[in-house]
Protein chains: 4
Amino acid sequence: MPNVFLSSPPPPGLTFQNPSRLNPSCLSSLCSPKSPKPRTLSIKCSQSDTYGQQRSFSPNNGPSYPPQSGVGLPPKVFVGHSIYKGKAVLTVEPRAPEFVTLESGAFKIGREGNVFLQFAPAAGTRQYDWDRKQIFSLSATEIGTLISLGPTESCEFFHDPFIGRSDEGKVRKVLKVEPLSDGSGHLFNLSVLNMLINMEESIFVPVTKGEYAVLVSLFNFALPYLLGWNTLADSARPEDTRRLNNANPRSGVDYEWSR
Amino acid sequence: MPNVFLSSPPPPGLTFQNPSRLNPSCLSSLCSPKSPKPRTLSIKCSQSDTYGQQRSFSPNNGPSYPPQSGVGLPPKVFVGHSIYKGKAVLTVEPRAPEFVTLESGAFKIGREGNVFLQFAPAAGTRQYDWDRKQIFSLSATEIGTLISLGPTESCEFFHDPFIGRSDEGKVRKVLKVEPLSDGSGHLFNLSVLNMLINMEESIFVPVTKGEYAVLVSLFNFALPYLLGWNTLADSARPEDTRRLNNANPRSGVDYEWSR
Amino acid sequence: MPNVFLSSPPPPGLTFQNPSRLNPSCLSSLCSPKSPKPRTLSIKCSQSDTYGQQRSFSPNNGPSYPPQSGVGLPPKVFVGHSIYKGKAVLTVEPRAPEFVTLESGAFKIGREGNVFLQFAPAAGTRQYDWDRKQIFSLSATEIGTLISLGPTESCEFFHDPFIGRSDEGKVRKVLKVEPLSDGSGHLFNLSVLNMLINMEESIFVPVTKGEYAVLVSLFNFALPYLLGWNTLADSARPEDTRRLNNANPRSGVDYEWSR
Amino acid sequence: MPNVFLSSPPPPGLTFQNPSRLNPSCLSSLCSPKSPKPRTLSIKCSQSDTYGQQRSFSPNNGPSYPPQSGVGLPPKVFVGHSIYKGKAVLTVEPRAPEFVTLESGAFKIGREGNVFLQFAPAAGTRQYDWDRKQIFSLSATEIGTLISLGPTESCEFFHDPFIGRSDEGKVRKVLKVEPLSDGSGHLFNLSVLNMLINMEESIFVPVTKGEYAVLVSLFNFALPYLLGWNTLADSARPEDTRRLNNANPRSGVDYEWSR
């Protein structure tokens, strides 16, 4: 029997993380074209019952949070944004990239950041079964695909979390994003087939146009951070340039082509 | 008789706040599709008389501001952006989210931020009656709906500030946003029916395409802050990663799927 | 005879500023619709000669810069972005808003920021006559109009820098932005009629689609700063919220509607 | 014989830089219109084999990194974002602008930032030949052209890294960006003809719609930094304004037009 709101499932952000650095989890991405429909001009928002639910669930009903680790670090902030619907909930949360130190003292991106999706089915009215939650980690390119998805377009991503390891092929995850038939938004569907524990799960969350616009805004904001381009804010400083000019008087002499 | 510019109405940002944490104020959101019209290609800016008025009203004519509270906090900054028109004024202002501290010392979002709308009717030439102002608090999803609203689309939001409390149903607020008939922008209409004090008010503010584009730009900027994703700027730092790696050497071992 | 590159014209940002706080300079904004054309799908970039010129003119050839004023302020940074063409140059530069202090110690916007346009005609090959430059200060709404301008749309803004003063009506400025006939971008035209000194000037700068996209990106970035919404970065901090909660334990009790 | 992954090619960001300050490298930009096609509504993501490759190549396989220079500077962070495909790889990385100090202590942009493209051909399965890499430096306007490029549009940029110098005309670089025939994205093609060393190279990288959306998001984020507009974050501060008002009491008296 599923444990509903009583267990302490693994917290988001610590246990279930993207293995892309060690083992690429992505088998492939296939996007099926939708036959063109005329551009719809109406907006249907979420139904009133699910909308009310959206407000009624505070994150207190979700998973518990782990203790802080790492003295001297800025405090961890959990910023999962949830879309609560009658049959399931979808939570999106960004993961910062990891940097590695080079011998010179400089840094490079060791692992790109991503956006973590959590799907949990409803376990009754305004209750979600976090024990049955399924997760999916969006890469930068997959985020880009969702950002640029037209109102009548659909896409599909395939992940194998064990790719390149002994259990490769035994777990398959498919995320489908398709237009809702009434043109009011998109349907997110995560299907997971786990042959290791003989489990199959498929969770659907309808996302209205307004909710999708929020996701696009968040994803657009997050992408430069996920790829480290926010460090431009440090290098594009007039004060630093002054010092740079003093430290490196030849910096003005450089060529696009100098072989 | 309405008190025009003489009273000290409750300041924006302290008295009238979004009750979504305690009592969801949102009954439902209904968006009525507009029959498709050909994409209009003209831009009609605001009429010259109202445009002149827009410049003539400084925030000095608006509500007064409360004293600061909270020693050691960064100073409060009031950044309401107003669209002054002949018959009414619309002011938009962002509200930061509230965070709560977890036992671990980490934070999570306790209440999402929102955008606060204030409508006040005109009380004569270049005067607005702030005593009769009506307010409406936009959630993230409602902001997303406005951001993604096409030039010929309309939408409608319903709020009950007393939902879930004893006075539920006695106050109804409806915000409608519809295309102007001449294609020059959208009409914002806030209707409030208050059976507790037997009051009914409906205020209209036409918003030109240029003004709407400013709102979209502000809303797009604000959304990540309202949902706390701006904290990515703290976690996506190369220096922190270095420390994180030292503090948590196992951070590289993680799986999207590890049951 | 015009003084070419030898004079020290008034520096940008100090002498010619937007009088909107004291005297609205904006008579009206009129935007003439363009008859719909099919969406053009080609991109014509700037001609090679003008493109070469664009690179050949460094800001050193432009106006001189004033001494710094204000001890303890962050250093002033001039970030005018110029579009150099064969017959004229257009420079765009943002102006930060001005805040005023309230009695409580809080701040509000005293004057909204704007974007300052400078047009200077060419005075020969790769030389511009800064003595004949004309200026135009874009308000937030005008910026929004330019951001949302479609590829086949045009718009027009009217300013009177002396509006509300004794010389009202004696100087008229009109900024027109129209699609180029070949669909390669937009033509910016600033016309100034100054009856005080019996001067008339009309300067044209063709702006390619790529250049226009740069302007839109800069304007979109700047708008929240011009209206003070960047201060959300200070208020949307988890640390501050913690302190706020301690300082103001009633902060959770608030209503959208509390009359 | 090409040296594959064994050499230490010149690091990105130090050797091959944009000579635009000293010698404009840009001959011209020509964009050829594509005959209009109906708006395609399908999304084809990258093929599974190349997608797997994308994940399998860490930056460790790329060029080495130089030692840090400049004591007291914030650490250099390498944030090249790579699109790995079967026949070649494309890496994009931003370059901060350079500021120069004016006599007054103020700053101005001495050289605008840009985005650096590196193309390297494959040298076998999941190996790239960095010795044969070709580079191309995108100016702000070229970035704007790519940002605003429609799904069925194409564009073309020409650079001569020796323009204005004795070897002008001996090296020609052409970057073409064209829609893929199946509508799944754009094809990036960098062709370099170097008559100095009798070398000719043409490298193709297909970029899916999702990958292109990531580039657009990064470019849109970067543009204000490349042109220095991020310094608005310093000038648009309420605290500074207060000090400014004290230091310069006449700051409220200014006119758009004051001749």
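Residues numbered from 1 in each chain as written. Chains lettered and ligands numbered in written order. Predicted model: local features only at pLDDT ≥ 70, side-chain atom pairs only at ≥ 80, totals over all residues. Heavy atoms only, no water.

Enquirer: Just checking my understanding: could you explain the overall build of chain A for this structure?
Expert: A tally of regular secondary structure across chain A gives 5 helices and 13 strands. Classification of the 259 residues of chain A by burial places 59% in the buried group. Just so you have it, chain A exposes about 9800 Å², and 52% of that area is on carbon and sulfur atoms. (Helix = DSSP H or I, 4+ residues; strand = E, 2+ residues; numbered from the N terminus. Buried < 20%, exposed > 50% of the residue type's maximum accessible area, 1.4 Å probe, protein only. Areas by Shrake-Rupley, 256 points an atom, 1.4 Å probe, with all protein chains shown as cover.)

Enquirer: Looking at this structure, how should I read the environment of Leu 232 of chain C?
Expert: Turning to its location among the elements, Leu 232 of chain C is positioned in helix 4 (residues 232-235). The residues touching Leu 232 of chain C, leaving out its near neighbours within four places in the chain, are Pro 94, Ala 96, Ala 222 and Tyr 225 of chain B. (Contact = heavy atoms within 4.5 Å.)

Enquirer: What is the right way to look at the pairing of strand 5 (residues 98-101) of chain A in this model?
Expert: Residues and elements named next belong to chain A. Bridge count between strand 5 and strand 6 (residues 107-111): 4 bridges; the pairing is antiparallel. Residue Val 100 lies in a different strand from strand 6, and its bridge partner there is Lys 108. Taken together, strand 5 and the strand that follows it, strand 6, pair antiparallel across an intervening segment of 5 residues, in which Gly 105 is found at a positive phi of about 95°. (Pairing = 2+ DSSP bridges.)

Enquirer: Got a minute to help me understand helix 3 (residues 209-226) of chain B in this structure?
Expert: Note on helix geometry: an α-helix contains 3.6 residues per turn, so any two residues three or four positions apart are oriented the same way. For helix 3 of chain B, spanning 18 residues, the distance from its first C-alpha to its last is 24 Å, which sits close to the expected 26 Å at 1.5 Å a residue. Directly beyond the C-terminal end of helix 3 of chain B, a positive phi value near 80° is found at Gly 228 of chain B. (Expected span 1.5 Å × (residues − 1).)

Enquirer: Is there a simple way to explain the packing of aromatic side chains in this structure?
Expert: In this description, a pair of aromatic rings is defined by centroid distance and the angle of the planes. Scanning the entire structure with this criterion turns up 16 aromatic pairs over all chains. Seen from their ring centres, Phe 221 of chain B and Tyr 225 of chain C are 6.4 Å apart, and the 65° between their planes marks the pair as edge-to-face. Placement of the pair is Phe 221 of chain B in helix 3 and Tyr 225 of chain C in helix 3 (residues 209-226), with the two residues belonging to separate chains. Both residues of the pair, Phe 221 of chain B and Tyr 225 of chain C, belong to the buried class. Between Phe 188 of chain D and Tyr 212 of chain D the ring centres are 6.0 Å apart and the planes differ by 50°, which places this aromatic pair in the tilted class. Of the two residues, Phe 188 of chain D sits in strand 12 (residues 185-194) while Tyr 212 of chain D sits in helix 3 (residues 209-226), which places them 24 residues apart along the sequence. Given a relative accessible area of 2%, Phe 188 of chain D falls into the buried group. Cluster of aromatic residues (ring-pair linked, three or more members): Phe 221 and Tyr 225 of chain A, Phe 221 and Tyr 225 of chain B, Phe 221 and Tyr 225 of chain C together with Phe 221 and Tyr 225 of chain D. Over the aromatic face of Phe 116 of chain B sits the side chain of Arg 95 of chain B, whose NZ or CZ is 3.8 Å from the ring centroid. (Phe/Tyr/Trp six-rings, centres within 6.5 Å; stacked < 30°, edge-to-face > 60°. Lys NZ or Arg CZ within 6 Å of the ring centre and 35° of its normal.)

Enquirer: Would you mind showing me how to read the sheet that holds strand 5 (residues 98-101) of chain D here?
Expert: Through backbone hydrogen bonds, the strands of a sheet pair up, either in parallel or in antiparallel fashion. In spatial order, the strands read 2(C)-6(D)-5(D); together these 3 strands make up an open sheet with mixed pairing. Both outer strands of the open sheet, strand 2 (77-78) of chain C together with strand 5 of chain D, are each paired with one neighbouring strand and no more.

Enquirer: Would you explain unusual backbone geometry in this entry?
Expert: Negative phi characterises most residues that are not glycine, and trans characterises most peptide bonds. Despite not being glycine, Arg 126 of chain C shows a phi value in the positive range, around 60°. By the secondary structure assignment, Arg 126 of chain C is in the loop between strand 7 (114-124) and strand 8 (127-128).

Enquirer: Sorry, what's going on with the sheet that holds strand 2 (residues 77-78) of chain A here?
Expert: Taken in spatial order, the 3 strands make up an open sheet running 2(A)-6(B)-5(B), and their pairing is mixed. Strands at the two margins of the open sheet, each flanked by one partner only, are strand 2 of chain A together with strand 5 (98-101) of chain B.

Enquirer: Just to check I follow, could you spell out the pattern of salt bridges for this structure?
Expert: Side chains bearing opposite charge may pair, as long as their charged atoms lie close to each other. Inspection of the entire model under this criterion finds 20 salt bridges over all chains. Where Glu 211 of chain C meets Lys 85 of chain C, a salt bridge forms, and the shortest distance between an N and an O atom there is 2.8 Å. Remark: Lys 85 of chain C occurs in the loop between strand 3 (81-84) and strand 4 (88-95) and Glu 211 of chain C occurs in helix 3; sequence separation between them is 126 residues. As far as the burial class goes, Glu 211 of chain C and Lys 85 of chain C line up, both buried. Across the pair Glu 98 of chain D and Arg 111 of chain D runs a salt bridge whose closest N-O atoms are separated by 3.1 Å. Residue Glu 98 of chain D is found in strand 5, and its partner Arg 111 of chain D is found in strand 6 (residues 107-111); the two are separated by 13 residues along the sequence. Arg 111 of chain D sits in the buried class, given a relative accessible area of 9%. (Salt bridge = Lys/Arg side-chain N within 4 Å of Asp/Glu carboxyl O.)

Enquirer: Explain the confidence of the model for chain A here, please?
Expert: A low pLDDT means the predicted coordinates there should not be read in detail. Residue and element names in this part refer to chain A. With 64% of its residues at a pLDDT of at least 70, chain A reaches an overall mean of 75. Low pLDDT (under 50) marks residues 1-61, which in the prediction has 208 contacts with non-local residues, meaning those over four places away or in another chain. Confidence metrics for the complex model read pTM 0.78 and ipTM 0.74. (pLDDT = per-residue confidence, 0-100.)

Enquirer: Got a minute to help me understand the packing of helix 2 (residues 140-147) of chain A against helix 3 of chain D in this structure?
Expert: When two helices pack together, their arrangement is given by the angle between the helix axes and the distance between those axes. Two numbers describe how helix 2 of chain A lies on helix 3 of chain D: the axes approach to 7 Å, and their chain directions differ by 90°. In terms of axis orientation, helix 2 of chain A runs roughly perpendicular to helix 3 of chain D. Facing Ala 140, Thr 141, Gly 144 and Thr 145 of chain A of helix 2 of chain A, the residues of helix 3 of chain D in contact are Gly 210, Glu 211, Ala 213 and Val 214 of chain D. Tallied by class, residues from the contact of helix 2 of chain A with helix 3 of chain D come to 3 nonpolar, 4 polar and 1 charged. (Axes fitted to C-alpha atoms, helices over the stretch in contact; angles between N-to-C directions. Parallel < 35°, antiparallel > 145°, perpendicular 65-115°, else oblique. Nonpolar A, V, L, I, M, F, W, Y, C, P; charged D, E, K, R; others polar.)

Enquirer: Hey, could you run me through the environment of Gly 144 of chain B in this one?
Expert: With respect to the element layout, Gly 144 of chain B can be found in helix 2 (residues 140-147). As a C-alpha pair, Gly 144 of chain B and Phe 219 of chain B span 75 residues in sequence and 8.2 Å in three-dimensional space. Discounting residues that sit within four places of it in the chain, Gly 144 of chain B has contacts with Gly 210, Ala 213 and Val 214 of chain A.

Enquirer: Which parts of the structure should I look at to understand the environment of Leu 223 of chain B?
Expert: With respect to the helices, strands and loops of the structure, Leu 223 of chain B is situated in helix 3. Residue class for Leu 223 of chain B comes out buried when judged on its relative accessible area of 0%. Along the backbone, Leu 223 of chain B and Ser 191 of chain B are 32 residues apart, and their C-alpha atoms lie at a distance of 25 Å. Setting aside anything within four residues of it in sequence, one finds Leu 223 of chain B in contact with Val 214, Ser 217 and Leu 218 of chain A together with Ala 140, Ile 143 and Ile 147 of chain B.

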